[in-house]
Amino acid sequence: MSIAIAIDGPAGAGKSSLSKEVAKELSFIYVDTGALYRTIGLAASRKGLKKEDKAEIISMLNDIDVKLSFNDEGTQIVLLNGEDVSSFIRTPEASMFASAVSAIPEVRAFLLDLQRNMAKSDNVIMDGRDIGTVVLPDAKIKIFLTASPEKRAMRRHKENIEKGIDSTYEEVLKDVNQRDYQDSHREIAPLKPAEDSVLVDTSDYDFEGSKELLLRVIKERM
Ligand code: C5P
């Protein structure tokens, strides 16, 4: 039987960078499910659709093929109709589009099996918003990883600058608060800790400290 670790939490809590490191340490496969929602958002925006065009976004699902794959370094890549779109899905605009499409039940259903299948044969650390509550309710370990909105915004802002993306702290904080609100107030699969999850708050830790904390919490439960 393969082992699954679910890591949920709000944007900017360090889920992906920490999960990646922990996966390496434990020799697990790291699956970033946000990339899937971002890819649906990208497909919609490439089609010229707007976030409000719910019916068109749903019908677009019949025409697209989304797959997760891994490159030679073991890094996840996401394929939209066979094209590697991993580098197009990280912009602030793609983030907002992803958050909007993720509130559509049909989009969530479209991505459900793909996510579940990843955990069937391999040991995975899967990060997202509803992994412990909906996608992998039987995950062995469930973590709700969070940090204050201000800390999360400051980390995202620094990351943007490092990547050469235009960014101001105030704008990122507004974005973080808006996405938190959207993700936790949607009707379907809202962002909330699973009842049997462990809350890990990284507000007062730097990256190395957060990694140690997370690894300790996981190893204690393996
Ligand atoms: O994790 P990331 O910031 O890349 O996710 C982008 C958006 O996708 C989130 O704001 C959220 O709305 C959505 N998402 C989701 N469920 C997941 C993963 C991401 O609704 N499991």
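Residues numbered from 1 in each chain as written. Predicted model: local features only at pLDDT ≥ 70, side-chain atom pairs only at ≥ 80, totals over all residues. Heavy atoms only, no water.

Labelled according to an unreviewed UniProt entry, the chain appears under the name Cytidylate kinase, originating from Ruminococcus bovis. Heading Sequence similarities (unreviewed entry) of the UniProt record for the chain holds this comment: "Belongs to the cytidylate kinase family. Type 1 subfamily." (UniProt positions renumbered as here; feature names shortened; annotations may be inferred.)

The subject of this paragraph is helix α4 (residues 92-101). In terms of residue burial, α4 counts as a mostly covered element, since 7 of its 10 residues are buried. Regarding α4, the residues found buried are Ala-94, Ser-95, Met-96, Phe-97, Ala-98, Ser-99 and Val-101. Looking at the buried positions of α4, the neighbouring elements they touch are α2 (34-46), α3 (54-60), α5 (105-121) and α8 (169-185). (Buried < 20%, exposed > 50% of the residue type's maximum accessible area, 1.4 Å probe, protein only. Helix = DSSP H or I, 4+ residues; strand = E, 2+ residues; numbered from the N terminus. Contact = heavy atoms within 4.5 Å.)

Right, let's get into the UniProt feature "domain: Cytidylate kinase" (unreviewed entry) in the chain. In this numbering, the UniProt entry assigns the feature "domain: Cytidylate kinase" (unreviewed entry) to residues 5-217. Helix and strand shares over residues 5-217 are 50% and 16% respectively, and the end C-alpha atoms of the span are 11 Å apart.

Burial within strand β4 (residues 76-80) is extensive, with 5 of its 5 residues counted as buried. Because side chains alternate across β4, one face comprises the buried residues Gln-76, Val-78 and Leu-80, and the other comprises Ile-77 and Leu-79, equally buried. Sheet topology places strand β3 (residues 66-70) next to β4; 5 bridges connect them, and they run antiparallel. Note that in β4 the partner of Leu-68 across the bridge is Val-78. Taking the residues between adjacent antiparallel strands as the criterion, β3 and β4 are bridged by 5 residues, where Gly-74 takes a positive phi near 85°. Here 2 bridges tie β4 to strand β5 (residues 83-84), and the two strands are oriented antiparallel to one another. When the bridges of β5 are listed, Leu-79 appears paired with Asp-84. From the end of β4 to the start of β5, which pair antiparallel, there are 2 residues, and Asn-81 there has a positive phi angle of about 50°. (Pairing = 2+ DSSP bridges.)

Attention now moves to the sheet that holds β5. Taken together, the 3 strands give an open sheet; going across it, the order is β3-β4-β5, and neighbouring strands pair in antiparallel fashion. Unpaired on one side and paired on the other, β3 and β5 mark the two borders of the sheet. Against the sheet, α2 engages β3, β4 and β5, with an angle of about 30° to β4. (Axes fitted to C-alpha atoms, helices over the stretch in contact; angles between N-to-C directions.)

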